[in-house]
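# Fold and contact review
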Amino acid sequence: MAKKLAVIGAGLMGSGIAQVSAQAGWDVVIRDVTDEALARGRGGIEASYAKFVSKGKLAAEDAEAALGRITTTTDLDAVADADIVVEAVFEKIDVKQEIFRTLDKVVGEQAVLASNTSAIPITKIAAATGRPDRVVGTHFFSPVPMMQLCELVRGLKTSDETLAAARDFAEGVGKTCIVVNRDVAGFVTTRLITALVVEAAKLHESGVATAEDIDTACRLGFGHAMGPLATADLTGVDILTHAADNIYTESKDEKFAAPERMRRMVDAGSIGRKSGEGFYTY
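Bear in mind that the values here come from a model prediction, so they are computed numbers and not experimental data.

On to the pattern of salt bridges. Evaluation of the coordinates by the stated rule reveals 14 salt bridges. As a salt-bridge pair, Asp-81 and Lys-4 come within 2.7 Å of each other at their nearest N and O atoms. Here Asp-81, found in the loop between strand E3 (70-73) and strand E4 (84-87), pairs with Lys-4, found in strand E1 (residues 4-8); they are 77 residues apart in sequence, far enough to count as distant. A relative accessible area of 52% means that Asp-81 is categorised as exposed.

Mapped onto the secondary structure, Gly-56 falls in the loop between helix H2 (35-54) and helix H3 (60-68). On the basis of relative accessibility, which here comes to 63%, the residue Gly-56 falls in the exposed class. C-alpha separation for the pair Gly-56 and Lys-3, spaced 53 residues apart in sequence, amounts to 28 Å.

Let us look at the packing of aromatic side chains. Counting across every chain of the model gives 2 aromatic pairs. Judged by centre distance (5.3 Å) and plane angle (80°), the ring pair of Trp-26 and Phe-169 falls under edge-to-face. Linking Trp-26 in the loop between helix H1 (12-23) and strand E2 (27-31) with Phe-169 in helix H6 (residues 160-172), this pair joins segments that are 143 residues apart in sequence. For Trp-26, a relative accessible area of 12% puts it in the buried group. Site record: aromatic cluster; members linked through ring pairs are Trp-26, Phe-140 and Phe-169.

Taken together, 8 strands build an open sheet; the order of strands is E3-E2-E1-E4-E5-E6-E7-E8 and the sheet is mixed. Edge strands, defined here as strands with exactly one partner in the open sheet, are E3 and strand E8 (176-180). Between one strand axis and the next, the sheet turns by 25° as a mean value, whatever way the strands run. One ladder, built from 3 bridges, connects strand E5 (residues 112-115) with strand E6 (residues 135-140); its direction is parallel. Bridging from a neighbouring strand, Ser-115 pairs with Gly-137 of E6. Strand contacts of H1: E1, E2, E3, E4 and E6, with the helix running at about 170° to E1, the strand carrying the most contacts.

Parameters and conventions
- Residues numbered from 1 in each chain as written.
- Predicted model: local features only at pLDDT ≥ 70, side-chain atom pairs only at ≥ 80, totals over all residues.
- Heavy atoms only, no water.
- Salt bridge = Lys/Arg side-chain N within 4 Å of Asp/Glu carboxyl O.
- Helix = DSSP H or I, 4+ residues; strand = E, 2+ residues; numbered from the N terminus.
- Buried < 20%, exposed > 50% of the residue type's maximum accessible area, 1.4 Å probe, protein only.
- Phe/Tyr/Trp six-rings, centres within 6.5 Å; stacked < 30°, edge-to-face > 60°.
- Pairing = 2+ DSSP bridges.
- Axes fitted to C-alpha atoms, helices over the stretch in contact; angles between N-to-C directions.
- Contact = heavy atoms within 4.5 Å.

Shown next, in the form of structure tokens:
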């Protein structure tokens, strides 16, 4: 009998996690608050599968079978029988805590409750439940079907059993895992990229170099696949600014303080590829 995964949030991250999980044989239910959001999420999955089929990377019958394993709902009670629940909603602690508070009442005692947060300490999210030992971080990377990494985060009370279950799940959907053993805000990856983006934005803001030259320096000098400012545009300047705020609030380390330019870009709606303009124009 196939195991059941519930994904909370039908955005790019949530739908991507659902996509790779269904392809790996999981029965998946995606929950969001509106039918419109669910339709966009499923449409994105269908388009992604179609692209893989057209490139010969996925058989048409396998794509059809995977789609058949995905259902959508606006009813949070529909996730009650899930073995693993992955929350993938906006990076706001109060929103996440409310979801986990509700999940704690809805799902079975043995279910693993995971968050895809990129910066918020797992211990803070787990505190909203009566089972902090069953809560873990599973930080996937966008686009999920293409990116190979999953950052597993151990909260203060996360059990070895829960961490092992999260690893089995992530590796089973094709990801390579690293483990964050101390629950610092931003974990490993977000702290590294945020520090780099913040410094790159400061260099750009002060006129030291153009965005293009800063990114070229990182690509050709350090072997990065993408420069930090192009990465900010891909991820979302708003998302990285919010992540920087979360880390700075926890650490009070000035290297994570987002510069004025990033904040004004967010104010202006110039948040990267999704808006058509960020550090670059698209």
